[in-house]
Structures are given as C-alpha cells and as structure tokens.
Amino acid sequence: MIVALRRLVRDRAPGRDAAAHPQAGGTAAVHQSIILRIQSEAQDRNVPLASILSRARIAARRLSLPGVPDWLDRETDGYAAVEDLPDYRWVPGRHEFLNPVHGWRPLIHEGGAPPIPMMQSVYDLEELLVMSKAGFLTMSAGPVTLAEFDSRMTFHTRFRIQNIDAWRSLSQVRRLILDWTIALESAGVLGDGTMFTASERTEAYSVTQNFIAQNQSIGVAGNVSGGTNTIAANQTSDGGMDVRKVRDFLAETSGLIAHLPSSVRDEMREVVAEAQAEAGKANPDGKKVGKALAVIKDLGMRAGGGVIASGIVSGVGALLS
C-alpha cells in the first residue's frame, strides 16, 4: 500500500504530467517549434488572427526573411495606400449617401457597385467585427454631388460591408499564413523555439521567395530598398557555377565579416560557414550553395551601402550571373 501511494504521488508530481512525455501525442513537441505553433493556431478559429500575425512576424524576423515581414507588418498595422492592398482586401459592399429626409440610401453606380478597399489593421477589423451587432461595418467615404430637379446637392457617403465579407477577407490572411508555414515545415524549417539554424534560414529564404512568387499580391520577392533578389536555386540547378571562385569568394567574405554591422554579423557568419562546408565537398550541391549565396547577398543589402557590404553584394552577383 505504501509503495503504491508513493508511486501515485510521484506520478502526480509537478512536471510529470502526460504532456511532458515524448509519447504524449506530440503536444509538447508542437510548442517547441514556433512554425508548428503558428500552423496549429492558424487552423484554430478560436485564436485571434492578430495573435497569429504577431507570432508569424517573430518567426519571419528570426529567419531574416525579406518580403513576408513587409506583408505581415501591413496586415498588423494597416495599409497606408490602396496601391499596396492585396486582392482579398477589396471586398463587395454598398455605397450609400445620407439623404436628410430618408436616411442612408444606396448610391447607384453604372456597371454595379465598385469593390471597397479595407485599409484597417487585422486587429482593428477583428475588434470592429466582434462589436458589430448590426451585421455590417461602415466606413466613411468622400462626399458626392447629385443633380436632382434641376439643382445640385452634396451628400455625405459611406461604404457598407457585410460582416461575412470582412471575415472572408481575414480568412485569406489566415490561409496564407497556414500555407506559408506548411511550406516551411515541408522544407524542414521548424526551429527550436524561436531559434533557427543557418541551414534553416537558407532553406526558408528559398521557400519564402517561391511563396511570394505564387502569391504576388502580398509582397515583393527581395529587399525592396536594396534591389530585387534573384532566386538562386533557378540559377545554380544546372551545375554551371564555378566552385573554385565560390570558395575564394567565401574565404574572402569570411575575413570581412567582423567589419560588417552587428545587426547582420552573426547571421552572415553562420551562412558563410555553411556555404563553405558545402562548397568544400568533392561534389558540392550547387542548389544549396546558390541558396546560401542568395542569403549572403540579402544580408549584404541589409548591411547598408558601405564598401564591404557593397563588395559582397557585387561578388555574389558576379558568381550568379
């Protein structure tokens, strides 16, 4: 009896619950990877999209990815210009004007009502939808002047959007985040908590470039301020890269890393070391080397316009040309 009691107390002691064991359905494993956690939450309608976006921004920045962080930032903070809006941010709705006698009345457009741009942040939209009891959202629009009975009058106008159409737009953001994390998982990019290896960052770069190319409205593939990056995998898959020149370039770059800004120094050191390891093999994988060079180029762009950073960017460009 005493032995059984001790065993019961031991099994129920803190830290010995089922979730702490590897065989407990993988629950603990899911929370060890930020990518898998984002993926799991993106499938759970009870988790606010704003929270998922925040976690996705952390992952994107830890992976040093261009393009996707810009899109995530816009969804989180709101869009500043209609030119930046993805297709799913244009929703159907009704344009109405305020009749001083009859209240809000539909404004008829030739060819039908135009799509309505939703510029607000995901957080604001979710809050508005939760608080909306009427089943629709309204946004102010510019005044219009209408001619009636030989006179012209100016009226206030607004856009009216059904809640279901706004939710449908937000569901596209959730789907895109889910698709992105699935693509990362398929490429072996999971991370340990929020930390990623140089190999994972290199692979994530290529995956993300392809993801943006397939969903062109969400961002630009590459560093916008420093120019558009080329997808290295497409340039190196034919095996035409001069490995000797690559090794020389990597050796030279390795000696210059200490002179780069601290914001990119550690990442550059890891990626260069990985590229050197692959390029040093008897039969190096040109695709892997090319992906690493693409990341090195992007880090060089992010380092600013200094002589060393510009030289690194130019050196990669020469190798991939």
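About the cut-offs
Sequence order as written defines residue numbering, which begins from 1 separately in each chain. Where totals are concerned, whole chains, interfaces and linings use all residues; where local detail is concerned, this predicted model gives features only for residues with pLDDT of at least 70, and gives and counts side-chain atom pairs only at 80 or more. Computation of side-chain values: all heavy atoms of the structure, hydrogens and water removed. Labels follow the DSSP assignment, with helices taken as runs of H or I lasting at least four residues and strands as runs of E lasting at least two, numbered in each case from the N terminus. A 1.4 Å probe rolled over the protein chains alone gives each residue an accessible area, and that area as a share of the maximum for its type sets the label: buried under 20%, exposed over 50%, partly exposed in between. A contact between two residues is defined here by any heavy atoms of the two lying within 4.5 Å. For the accessible areas, the method is Shrake-Rupley and the probe is 1.4 Å, while residue cover comes only from the protein chains on display. By definition, two strands form a pair when at least two bridges between them are found by DSSP. Axes, fitted as lines to C-alpha atoms, cover a helix only where it is in contact. Angles between the N-to-C directions of the axes lie from 0 to 180 degrees. For classification purposes, angles smaller than 35 degrees are called roughly parallel, those larger than 145 roughly antiparallel, those between 65 and 115 roughly perpendicular, and all remaining angles oblique. A crossing counts as left-handed when the near helix is turned anticlockwise from the far one by less than a right angle, and as right-handed when that turn is clockwise. Here a Phe, Tyr or Trp ring, Trp counted by its six-membered ring, pairs with any other such ring whose centre lies within 6.5 Å, and the pair is stacked when the planes are under 30 degrees apart, edge-to-face when over 60, and tilted otherwise. Working rule for helices: expected span equals 1.5 Å times residues minus one. When a carboxyl oxygen of Asp or Glu lies within 4 Å of a side-chain nitrogen of Lys or Arg, that pair is called a salt bridge. Gly falls in the polar group here, along with every residue not listed as nonpolar (Ala, Val, Leu, Ile, Met, Phe, Trp, Tyr, Cys, Pro) or charged (Asp, Glu, Lys, Arg). Residue-level confidence of the predictor is summarised by pLDDT, bounded by 0 at the bottom and 100 at the top.

Caption draft 1: Examining the overall build of the protein more closely. Helix and strand content of the protein: 13 helices and six strands. In the protein, which comprises 321 residues, the proportion classed as buried is 42%. Of all intrachain contacts in the protein linking residues separated by at least 6 positions in sequence, the fraction that spans at least 24 positions is 66%. In the form shown here, the protein has an accessible surface area of approximately 17400 Å², with 53% of it arising from carbon and sulfur atoms.

Caption draft 2: Main features of the pairing of strand E3 (residues 103-106). With four bridges connecting them, strand E2 (residues 94-99) and E3 associate as antiparallel partners. The partner of Phe97 across the bridge, within E3, is Arg105. Between the end of E2 and the start of E3, which pair antiparallel, lie three residues.

Caption draft 3: Structural context of helix H3 (residues 34-42). Of all nine residues making up H3, seven are buried, and the element is well covered by its neighbours. Along H3, the residues classified as buried are Ile34, Ile35, Leu36, Ile38, Gln39, Glu41 and Ala42.

Caption draft 4: Spatial organisation of the environment of Ser140. By the secondary structure assignment, Ser140 is in strand E5 (residues 136-148). On the accessibility criterion, Ser140 (70% relative accessible area) is exposed. In the structure, Ser140 is positioned 17 residues away from Thr157 in sequence and 6.4 Å away in space, judged by C-alpha atoms. The contact partners of Ser140, leaving out residues within four places of it in the chain, are Thr157 and Arg158.

Caption draft 5: Up close: the packing of helix H10 (residues 243-256) against helix H11 (residues 262-279). Axis separation between H10 and H11 bottoms out at 10 Å; the angle between their running directions is 150°. With respect to their mutual orientation, H10 and H11 come out roughly antiparallel. Relative to H11, the crossing made by H10 is left-handed. Along the contact surface, H10 presents Val243, Val246, Arg247, Leu250, Ala251, Thr253 and Ser254, while H11 presents Val272, Ala275, Gln276 and Ala279.

Caption draft 6: Here's a closer look at the packing of aromatic side chains. If you walk through the whole model with that rule in mind, you get one aromatic pair. Taking 5.2 Å as the distance between ring centres and 65° as the angle between the ring planes, the aromatic pair formed by Phe97 and Phe155 counts as edge-to-face. Of this pair, Phe97 sits in strand E2 while Phe155 is found in strand E6 (residues 151-162), placing the two residues 58 residues apart along the sequence. Under the relative-accessibility criterion, Phe155 is labelled buried at 7%.

Caption draft 7: Quick look at helix H8 (residues 198-214). Under the 1.5 Å per step criterion, the end-to-end length of H8 is 25 Å for 17 residues, consistent within 8% with the ideal 24 Å. Among the 17 residues that make up H8, 12 are buried, leaving the element largely enclosed by the rest of the structure. Within the span of H8, buried status applies to Ala198, Glu200, Arg201, Thr202, Ala204, Tyr205, Ser206, Val207, Thr208, Gln209, Phe211 and Ile212.

Caption draft 8: Structural view of the pattern of salt bridges. Inspection of the entire model under this criterion finds 17 salt bridges. For Arg57, the salt bridge is made with Asp73, and the minimal N-O distance between the two is 2.8 Å. Taken as a pair, Arg57 in helix H4 (residues 49-62) and Asp73 in helix H5 (residues 68-77) lie far apart in primary sequence, 16 residues in all. The salt bridge involving Arg158 is made with Glu96; its shortest N-O contact spans 2.7 Å. One end of the pair, Arg158, is in strand E6; the other, Glu96, is in strand E2, and 62 residues separate them in sequence.

Caption draft 9: Layout of the packing of helix H6 (residues 122-131) against helix H7 (residues 163-186). For the pair H6 and H7, interaxial distance at closest approach is 11 Å and the crossing angle is 150°. Seen from above, H6 lies across H7 with left-handed handedness. Of the residues in H7, those in contact with Val122, Leu125, Glu126 and Leu129 of H6 are Asn163, Ala166, Trp167 and Leu170. Tallied by class, the residues present in the contact of H6 with H7 amount to six nonpolar, one polar and one charged.

Caption draft 10: Molecular detail of the confidence of the model for the protein. Put simply, the protein has an average pLDDT of 78, and 81% of its residues get 70 or more. Note on residues 1-31: pLDDT under 50 across the span, and 11 contacts to partners over four residues away in sequence or across chains. Throughout residues 220-239 the model reports pLDDT below 50, and contacts reaching past four residues in sequence, or to other chains, amount to 43 contacts.

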